[in-house]
Amino acid sequence: MKCSLRSCWEASVLFWLGLLIHCGEARVLTEVQAGPLYRVVDTPLSISCNTSGFSSESIPKEFQFRIKKPANPDFEINIISTDDEKFSYAVYAQRVRAKTITLTHVSPNSILFEIQSLQKNDEGEYDCAVVNKESTYDGVYSVSTIVKVIDNSLSVSSPGPTSLSYNEGDDLTLICQASSNTVQHTHLALTWYLHKDNEDNARPIISLDRDLTVSPGQGFDERYKAGLIRLDKMGETTYTLKMAELELSDQGRVYCQAQEWIQDPDRSWYCIIQKDSEKTTLNVKAREVAPDTLSLVVRISAQETALQEGQELSLSCSVDTQNLEERFFSVAWLRGNVELARIGPTGILSVGPQYSVREKEGELRAARVGNRDYRLILQPVRTEDQGEYLCRAWPQDRDQNGAFTQGAAQDSSSQLISISATESGLTIEMQDTVSVNEGDRLNLICKVDGVKGQLSVTWQRKSESTAQFASVSLSQDGVMEKEGDFVNRKVRAMRPAADSFTLELDEVTPLDSGEYECAVSEWKSNSKTNSKSQTATVTVVPAESLVKLSLISRNNNVTVGDNVELMCRVRGPRMPITLTWSRQRDQPTLDNILTLYSDGAISWSGDQHRYQLKVQNKVNEVIHSLLINGASHREAGRYQCRVSVFLQNVNKKVPPSHPLAVMVHNRVSKLALTSPKTLTADINTDIEIKCSVTSERSVSSRYAVTWLFQQQAEEKVIVSSDRDALITFGPWMEQQHRQRISLRRTKGPRFELTIQQTQISDKGSYICKVVEWLPDPHGDWYQLSPVARTTLLTVTEPANDLRLDAKEQQQLVAREGDKVELKCNIISGASNPSFFYKVSWLYTGQSSLVINVTLLELDHTGLLRYPDNQALRDLQGRLHLTRPSQSSFLLGIQRAHESDSGTYQCLVDQYQLDREGHWQQKLSDSAGPIMLTVNVAEKNLSVVRNEQEWNVSRAFTIPCQITKQSSSESEFQVTWFWKKDSEAEQQPIFTAYRNSTLQDRFVMGDQLKFDHPLPTHFNLTLLKPRPENSGLYFCEVEEWLPSLSHGWRKVAVEKSGYSTVNVYEEAFFERQHQTITWIFVALLICSLVVISVLVLIICRNKASGGKKSDQTLWIEQHPLNAKPNAEE
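Residues numbered from 1 in each chain as written. Predicted model: local features only at pLDDT ≥ 70, side-chain atom pairs only at ≥ 80, totals over all residues. Heavy atoms only, no water.

Draft legend 1. Looking closely at the overall build of the protein. Looking only at helices and strands, one finds 8 helices and 86 strands in the protein. The C-alpha atoms of the protein give 65 Å as radius of gyration, which overshoots the globular expectation for 1128 residues (32 Å, by more than 25%). Expressed along its principal axes, the backbone C-alpha trace of the protein runs to roughly 235 × 95 × 75 Å. Going through the 1128 residues of the protein one by one, you find that 44% of them count as buried. Relative to all contacts within the protein whose residues are 6 or more apart in sequence, the contacts with residues 24 or more apart total 61%. Counting every atom, the protein has about 59400 Å² of accessible surface; 49% of that belongs to carbon and sulfur. Side chains of the protein carry 120 positive and 140 negative charges; the gap between the two charge centres is 5 Å. (Helix = DSSP H or I, 4+ residues; strand = E, 2+ residues; numbered from the N terminus. Rg over C-alpha atoms; globule rule 2.2 N^0.38 Å. Buried < 20%, exposed > 50% of the residue type's maximum accessible area, 1.4 Å probe, protein only. Contact = heavy atoms within 4.5 Å. Areas by Shrake-Rupley, 256 points an atom, 1.4 Å probe, with all protein chains shown as cover. Lys, Arg positive; Asp, Glu negative; His and termini not counted. Charge placed at Lys NZ, Arg CZ, Asp CG, Glu CD.)

Right, dumping it as structure tokens:
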């Protein structure tokens, strides 16, 4: 035992040393993408997972993917495995079979997990595990990452007609509106595409990436560098594509594509969703180009430089160069930095946005009037038209495909034009600044005075953020005409009174901010005689700045199970909004709870069972309440409500509310414990320390208990049992100590710590620390504050003594086959449980070869051993050792044999564990010898001995009846004998053996009949006897018993009495029968005569009754005569 304990100690030391050496050097490492990963519903999901450190890097590893969903975070669902087709649970099996969920090896040590189309319930914690097929575990084999599935809130649209037709050289402007309502921080990227009819894939024209970097597409880079292609971002949601000098190759379907990007925890960017706008079909018509050549010597001239308001301004530009017939040019007129008009190399006129309305109304005209000359006419001029004008020309080189490349610009000298006001009485008055809320109607009023003729009005928006013009005009005949952006808008130009014009524009947006010009023209005989204009600055207040959020709660500091109400107050004008409730827990990112859309639809994210939504409409605000029914620690965190205004298919985010922390606390523990303050135990005895819960307990309460041992102010964990009754030992508990410690919980509950074979080192303070666990509304368990009680244990060492009860020799007699029981009793020392005993039984047989041989021994550890002895193997196989009490050892011999006789002796050794846990022998004693004698059964056979004599002429039976037997297991052999007379020699007639075999010893054939009616009755019948069969008959009975040592043996022989049988012929008996008959008849006749005489005498006496009344039959007158004497 000492050696085994020492080897265990050395093995544990080597194990811990090895663990220290290899600490921090785990061999296998498994890695997966860090989370949380935010992905959009109905989009693909891919997660990479790899492992390293296996002994063979070239052998493909097997991987498994599982998921824990928010609704049940403790339950794992199998999704897919690389080595087991039946690995998937039913909820994912169909998608795995359909290959919409795949797990593919990228290399032997890495895989790619993919879901083609995410579903809302795919959100959760994904676990990647590598299957370890090696014999040891060393490292990390399973890692997890969190995937959040969010709604698709990306909105992309391109307002305007679905088909456009332009001439070659014209300018194109398209608008794309893109916005997102994602709570997480994302970036938008936008690209304009051109999809030609003869090409399979669309070609990017120009793009704005997530970092706001503009880059042209392949084939458009030269035009981008020349400034002919631009992409401008106007505000938060508007993206404008400008393409100057359209080419034939620009024909096709043009659309914009928006991408929403999010930055994953590994700092990489991922496109979570992309969406295309409606496609606009662009048709570009070719234009014939005359072979004119322009000069790069640019001149400008004016017919008149000093004009009055209403007159005509004519500006001429001339260019000159070498090889005039081989060159192409573009010519433009500019006032200051504002371009009025431009004539392209193909002769196409384009007008600047500020003059497009005047060109439409015929006030501006431009044309090429000669090989070198170009002319611009502006009539009627206005006072604001005065200033410096110049001409600018660009050489244009045309390639074989008809595409032009613009060269360096050449400017003319400047020409000053002055315009003086006329004496017209027309005046205009407008409000200088106007402010309107987004989504409302803009209403501008233009007052006029001094009118002498018919009036027309043109309203024009001069926006600084976009070059796209917008105008609406009302002619002198009352006809309204819209241009530019106003074509598809709800806009009206009216003249409600003679002295006023109004402009009404519905559903304004921040892009409608800018200068609005009211230009009123006076007409006479269909000729414009005078024009006046006035501007007003319009500011459109963004909707998001009008909506104000505030988040409040009356009870945000609650106990588990309480209800919480969070109120998000939305103040501002009534407009369609999308409201999102989100929560931030330990991670820096926000998790959506729900989204309430403007159309009333609700989208839930994650676990929705504990939340409810309530909306209250009030006069000045709308209160959106988030109700938490039965709060748990899951619902704790920082809550925010976010709102985005939905106008014109665009989501505009409002600054979120301030975060509001919801704190969920555990209930206050009311746990009460009782345990004994002190206990005393003897060494090597079992001690039980009880710790009971006395306070009232909840029906759903569970308890975790930890027993600690405190010695010299140091506390160590002995054993603990968690709320599920799973028992674990403290790290300092060695294996031999763990075998002595047990923890049991009983009704109450009560926690019982049992220490077996207490040692001196076990003394100290034992602390029972109990923690009550309660389930929260989700079913998740949470613990209350622990409660502890201390018990001081004292271990004492008792005195030693040993004495057996029987010292003298004992005699014991038993019959063979019986069970023999030999007793060995300890009368002192056995009551102390710290003592353990080794018991040996010694045997001395009848042979001199077996002297004091050990039959069996039960050692102090409970091990029973039979020493090998060939001569005693049969006896040892029938031995049975029991210990009915602490102080009694009984040796039983099953079915004792005669050879088991001999001397038996009991030897007892006393043992005790020392402080180091080693066994020490204390005392020894032996009981007195027991002399055992095993006898075969005593002789007790008895047979009926009656003497009989028979005279027979027919069959007769010779009975043989046994009245007593030695044993119930006895079997008998019966033999019948016959002899002529007492002096003659006896001869056997018939034998019935004990094995039921019959033998006719006299060879009498069928004259004998054997009968065995009862176990102890035997009959032999002689069927046809003859006179020569006369003689003496008797039976002899042999009794046999089974001997355990020698087999069957004869134990007794008894004879019955003699039966004398005289056998006569049958005729002799007939004659005797006739003689007897005649004698019987004679006797009968005589008897009748005597009776008749007596009757007659009686009758006669009755006839003479008067004279002789005193005389009777027996008293006569004459006495009887005496015997005559000798004389007579």
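Draft legend 2. Summary view of the pattern of salt bridges. Taken as a whole and judged by the stated rule, the model has 52 salt bridges. Residues D818 and R815 are paired through a salt bridge, measuring 3.9 Å at the closest nitrogen-oxygen approach. A cluster of three or more residues bridged by salt bridges with shared partners is formed by R358, E363, R382, E384 and D385. (Salt bridge = Lys/Arg side-chain N within 4 Å of Asp/Glu carboxyl O.)

Draft legend 3. Fine view of unusual backbone geometry. Here G35 and P36 are connected by a cis peptide whose omega angle stands at 5°. Following the sequence through the fold, P36 ends up in the loop between β1 (29-32) and β2 (37-40). The omega angle of the peptide bond from Q379 to P380 is -5°, so this bond is cis rather than trans. With a phi angle near 75°, R267 is a residue other than glycine that sits in the positive phi range. Relative to the helices and strands, R267 is located in the loop between β18 (252-263) and β19 (269-276). Non-glycine residue E507 carries a positive phi angle of around 50°.

Draft legend 4. Focus on the sheet that holds strand β37 (residues 470-474). Pairing in this open sheet of 6 strands is mixed, and the strands run β34-β42-β41-β36-β37-β38 from one edge to the other. In the strand order of this sheet, the two ends are held by β34 (433-437) and β38 (480-484), each with one partner. Taking the axes of each pair of neighbouring strands and ignoring which way they run, one obtains an average angle of 20° across the sheet. Bridge count between β34 and strand β42 (residues 527-541): 5 bridges; the pairing is parallel. (Pairing = 2+ DSSP bridges. Axes fitted to C-alpha atoms, helices over the stretch in contact; angles between N-to-C directions.)

Draft legend 5. Looking closely at the state of the cysteines. Evaluation of the coordinates by the stated rule reveals 8 disulfides. Put simply, C691 and C768 are joined by a disulfide, and their sulfur atoms are 2.2 Å apart. The disulfide joining C691 to C768 has a torsion of about -85° about its S-S bond and is therefore left-handed. With C691 in strand β56 (residues 687-693) and C768 in strand β62 (residues 764-775), this residue pair connects regions lying 77 residues apart in the sequence. With no disulfide partner, C271 has as its closest neighbouring cysteine sulfur the one in C256, 14 Å distant. (Disulfide = S-S within 2.5 Å.)

Draft legend 6. Quick look at the packing of aromatic side chains. For the coordinates displayed, the defined rule picks out 19 aromatic pairs. Ring plane angle 75° and centroid distance 5.1 Å describe the contact between F1034 and Y1058, whose orientation is recorded as edge-to-face. Separated by 24 residues along the polypeptide, F1034 in strand β84 (residues 1031-1043) and Y1058 in the loop between β85 (1047-1055) and β86 (1059-1063) bring together distant segments of the chain. For F1034, a relative accessible area of 1% translates into the label buried. The class for Y1058 is partly exposed, based on a relative accessible area of 29%. Among the aromatic residues, those joined into a ring-pair cluster are W976, F990, F1010 and F1018. One Lys or Arg, K716, reaches over the ring of W732 and ends 4.9 Å from the middle of that ring. (Phe/Tyr/Trp six-rings, centres within 6.5 Å; stacked < 30°, edge-to-face > 60°. Lys NZ or Arg CZ within 6 Å of the ring centre and 35° of its normal.)

Draft legend 7. Quick peek at the sheet that holds strand β21 (residues 297-302). Taking strand neighbours across the sheet as the criterion, the 4 strands line up as β21-β23-β28-β27 in an open arrangement whose pairing is antiparallel. Edge positions in the open sheet fall to β21 and β27 (364-368), since each of these has one partner strand only. Here the average twist between neighbouring strands, direction ignored, is 15°. Of the strand pairs in this sheet, strand β23 (residues 313-320) and strand β28 (residues 373-378) are connected by 6 bridges, and their pairing is antiparallel. Note on β28: the bridge partner recorded for S314 is I377.

Draft legend 8. Summary view of the environment of R441. The residue R441 is located in the loop between β34 and β35 (442-449) in this model. Not counting chain neighbours up to four residues away, the residues in contact with R441 comprise V436, R492, E504, L505 and D506. Only 2.7 Å separates the side chain of R441 from the side chain of D506, close enough to count as a polar contact. (Polar contact = N/O pair within 3.5 Å; in protein donor to acceptor, adjacent residues only side chain to side chain.)

Draft legend 9. Here's a closer look at a nonpolar patch on the surface. On the surface, a nonpolar cluster with roughly 1100 Å² of combined accessible area is contributed by W1078, F1080, V1081, L1084, I1085, L1088, V1089, V1090, V1093, L1094 and I1097. Here I1097 shows up in helix α8 (residues 1066-1103). (Patch = residues over 30% accessible without salt bridge, like charges linked within 9 Å, V, L, I, M, F, W, Y side chains within 5 Å.)

Draft legend 10. View of the side chain of R489. Mapped onto the elements, R489 comes out in the loop between β38 and β39 (491-497). Separated by 3.4 Å, the side chain of R489 and the backbone oxygen of E507 make a polar contact. Polar side-chain contacts of R489 include one of 2.8 Å to the side chain of D512.

Draft legend 11. A look at the nonpolar core. If you look at the biggest cluster of nonpolar residues, it comprises 60 residues, and the most contacted ones within it are F65, F113, Y126, W192 and I205. Counting 33 residues, the second largest nonpolar core, distinct from the first, contains Y639, V654, V662 and L774. (Core = buried A, V, L, I, M, F, W, Y, C linked by side-chain atoms within 4.5 Å.)

Draft legend 12. Broad picture of the pairing of strand β33 (residues 427-430). Burial along β33 is one-sided: the face carrying I428 and M430 is buried and the face carrying T427 and E429 is not. Alignment of β33 against β35, held across 4 bridges, turns out to be antiparallel. Note on β35: the bridge partner recorded for M430 is C446.

Draft legend 13. Region of the structure containing the confidence of the model for the protein. Averaged over all residues, the pLDDT of the protein is 85; the fraction at 70 or higher stands at 91%. Low pLDDT, under 50, characterises residues 1-24; the predicted model gives this stretch 8 contacts beyond four residues in sequence or across chains. A low-confidence stretch, residues 1106-1128 (pLDDT under 50), is modelled with 3 contacts involving residues beyond four sequence positions or located in other chains. (pLDDT = per-residue confidence, 0-100.)

Draft legend 14. View of the environment of V147. Within the fold, V147 resides in strand β9 (residues 142-150). According to the relative accessible area criterion, V147 is buried, its value standing at 0%. As a C-alpha pair, V147 and T903 span 756 residues in sequence and 84 Å in three-dimensional space. Each residue touching V147, except ones within four places of it in the same chain, is listed here: L37, L45, I47, E123, G124 and Y126.

Draft legend 15. Quick look at the pairing of strand β6 (residues 101-107). By the bridge criterion, 6 bridges tie β6 to strand β7 (residues 110-115) in an arrangement that is antiparallel. Across the sheet, the residue bridging to T102 is E114, located in β7. Counted along the chain from β6 to the antiparallel partner β7, the turn is 2 residues long.

Draft legend 16. Spotlight on helix α2 (residues 90-97). For α2, the set of buried residues is Y92, A93, R95 and V96. Its buried side turned inward, α2 meets β4 (63-68), β5 (76-81), β6 and β7. The first or second residue beyond α2 is K99, which carries a positive phi of 65°.

Draft legend 17. Region of interest: the side chain of S721. Looking at the element boundaries, S721 is found in strand β58 (residues 714-721). Residue S721 is classed as buried on the basis of its relative accessible area of 4%. Not counting residues within four places of it along the chain, the set of residues in contact with S721 comprises Y703, A704, V705, L726, I727, L743 and R745.

Draft legend 18. Layout of the environment of T1021. Tracing the backbone through its elements, the reader meets T1021 in strand β83 (residues 1017-1022). Here the alpha-carbon distance between T1021 and V717, two residues 304 residues apart in the chain, equals 94 Å. Among residues more than four places away in sequence, those in contact with T1021 are A955, F956, T957, Q1007, L1008 and K1009. A polar contact of 2.8 Å, which involves the side chain of T1021, links it to the side chain of T957.

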